[in-house]
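# Summary of the model geometry
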Amino acid sequence: MHSTPRTLPADVSRALQEDIRSGDVTADLISETQTGRAILMTREAMVVAGLPYATETFAQVDPGVVITWLVNDGDAINAGSQLAIFEGPARALLTAERTALNFIQLLSAVATRTHQLAQLLDGTSAKLFDTRKTLPGLRDAQKYAVKVGGGENHRIGLFDQILIKENHIAASGSITQAIQTARRLHPNVKVQVEVETFEELDEALAAQPDIIMLDNFDTQALRQALSRRSATHCDHIEFEASGGITEENLREIGLSGVDRISLGTLTKDIRAIDLSMRVELS
């Protein structure tokens, strides 16, 4: 089981407010006493993610809806598989349907894509990481889906890890100065620095961050960078490859020996899973 984000209830509440606002005027066409039953299915193969969000959606709309989940987050299922049966007040089933499905189709898409790419790294030393390139307001949800799919979370936001990039280096005067200042101001926070050249790499190795991000290094350059790390006895510093990484070269980069590979595409370049939910009135 994967721990759900603490922001889950608030995310669901915000999504429902966005959809319902002053009330579901279409659901008003159905009697308050009418009950119904619905089956949720997928039209394509997927790795399931987002069921706690759907559960919370129905609970916030009407706690009287009974859900029987037939799968769990993290399950890989085939097209045509049933995910759940919903039973309860018909108005609630129809009102909560779209928000619940939006969460599942989005988060399952993230988990499915993450799983596909993580499999390409089987047998390598590299772990697959996400980035901050997420949908506004849904970062925790998407990062949850990455974990469900077998990936790892990079920093959640600007508050939990320092990532020194080109503009920070320019403002600080040098990589060395930026890392030293980061250590002084936030001694208990991990420090990562992005480098684009071997000259910057050598300076970063001497300054001793926790992680060095190798931006747009090809496979040959990554191997040279790893050799420099070993030669300077800095194997405790993690190396992360980023930039210019595609499905086609992902495994090759993983085989170079880097510790981490980060991909913004896990959360920003996704296509929602095609789901179907049909409600039958009792």
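For the structure, check the block above.
A brief report on the enclosed structure follows.

Parameters at a glance
- Residues numbered from 1 in each chain as written.
- Predicted model: local features only at pLDDT ≥ 70, side-chain atom pairs only at ≥ 80, totals over all residues.
- Heavy atoms only, no water.
- Pairing = 2+ DSSP bridges.
- Helix = DSSP H or I, 4+ residues; strand = E, 2+ residues; numbered from the N terminus.
- Axes fitted to C-alpha atoms, helices over the stretch in contact; angles between N-to-C directions.
- Buried < 20%, exposed > 50% of the residue type's maximum accessible area, 1.4 Å probe, protein only.
- Right-handed = clockwise from strand over helix to strand, strands pointing away.
- Parallel < 35°, antiparallel > 145°, perpendicular 65-115°, else oblique.
- Left-handed = near helix turned anticlockwise from the far one by under 90°.
- Contact = heavy atoms within 4.5 Å.
- Nonpolar A, V, L, I, M, F, W, Y, C, P; charged D, E, K, R; others polar.
- Phe/Tyr/Trp six-rings, centres within 6.5 Å; stacked < 30°, edge-to-face > 60°.
- Lys NZ or Arg CZ within 6 Å of the ring centre and 35° of its normal.

Turning next to the sheet that holds strand β1 (residues 35-42). Taken in spatial order, the four strands line up as β3-β5-β1-β12 in an open sheet, and their pairing is antiparallel. If you trace the sheet from one side to the other, it starts and ends with β3 (66-69) and β12 (275-281), each paired once. Within this sheet the neighbouring strands show an average axis-to-axis angle of 15°, counted without direction. The pairing of β1 with β12 spans seven bridges and is antiparallel.

In this section: the pairing of strand β9 (residues 211-215). Of all five residues that make up β9, five are buried, and the element is covered over most of its length. Neither face of β9 is left uncovered, since the one carrying I211, M213 and D215 and the one carrying I212 and L214 both have all their residues buried. Where strand β8 (residues 191-195) meets β9, four bridges bridge the pair, whose relative direction is parallel. Bridging from a neighbouring strand, V193 pairs with I212 of β9. Once you follow β8 into helix α7 (residues 198-207) and on to β9, the crossover reads as right-handed. With five bridges joining them, β9 and strand β10 (residues 238-242) adopt parallel strand pairing. Bridging from a neighbouring strand, I211 pairs with E238 of β10.

Here helix α2 (residues 51-61) crosses helix α3 (residues 90-120) at 160°, and the two axes come no closer than 8 Å. It follows from the interaxial angle that α2 and α3 lie roughly antiparallel. Two packed elements cross with a definite hand, and for α2 against α3 that hand is right-handed. Residue-level inspection shows L51, Y53, A54, T57, F58 and V61 of α2 in contact with α3, the latter providing A92, L93, T95, A96, E97, T99, A100, F103, I104 and L107. Across the contact of α2 with α3, the residue classes break down as 12 nonpolar, three polar and one charged.

Per the counting criterion, the structure on display carries five aromatic pairs. Seen from their ring centres, Y53 and Y144 are 6.2 Å apart, and the 55° between their planes marks the pair as tilted. In this pair, Y53 is assigned in helix α2 and Y144 in helix α4 (residues 139-148), connecting sequence segments 91 residues apart. Overall, Y144 belongs to the buried group, its relative accessible area being 5%. Each ring, one from F198 and one from F217, has its centre 5.6 Å from the other, and the planes form 80°; the classification is edge-to-face. Taken as a pair, F198 in helix α7 and F217 in the loop between β9 and α8 (219-231) lie far apart in primary sequence, 19 residues in all. A residue is classified by how much of its surface remains accessible, and F198, at 24% relative accessible area, is partly exposed. The class for F217 is buried, based on a relative accessible area of 9%. Aromatic ring contacts, followed pair by pair, group Y53, F103 and Y144 into a single cluster. The ring of F239 carries the charged tip of R229 above its face, separated from the ring centre by 4.5 Å. Above the ring of F129, the side-chain terminus of R260 is found at 3.9 Å from the ring centroid.

By themselves these figures say nothing about function.
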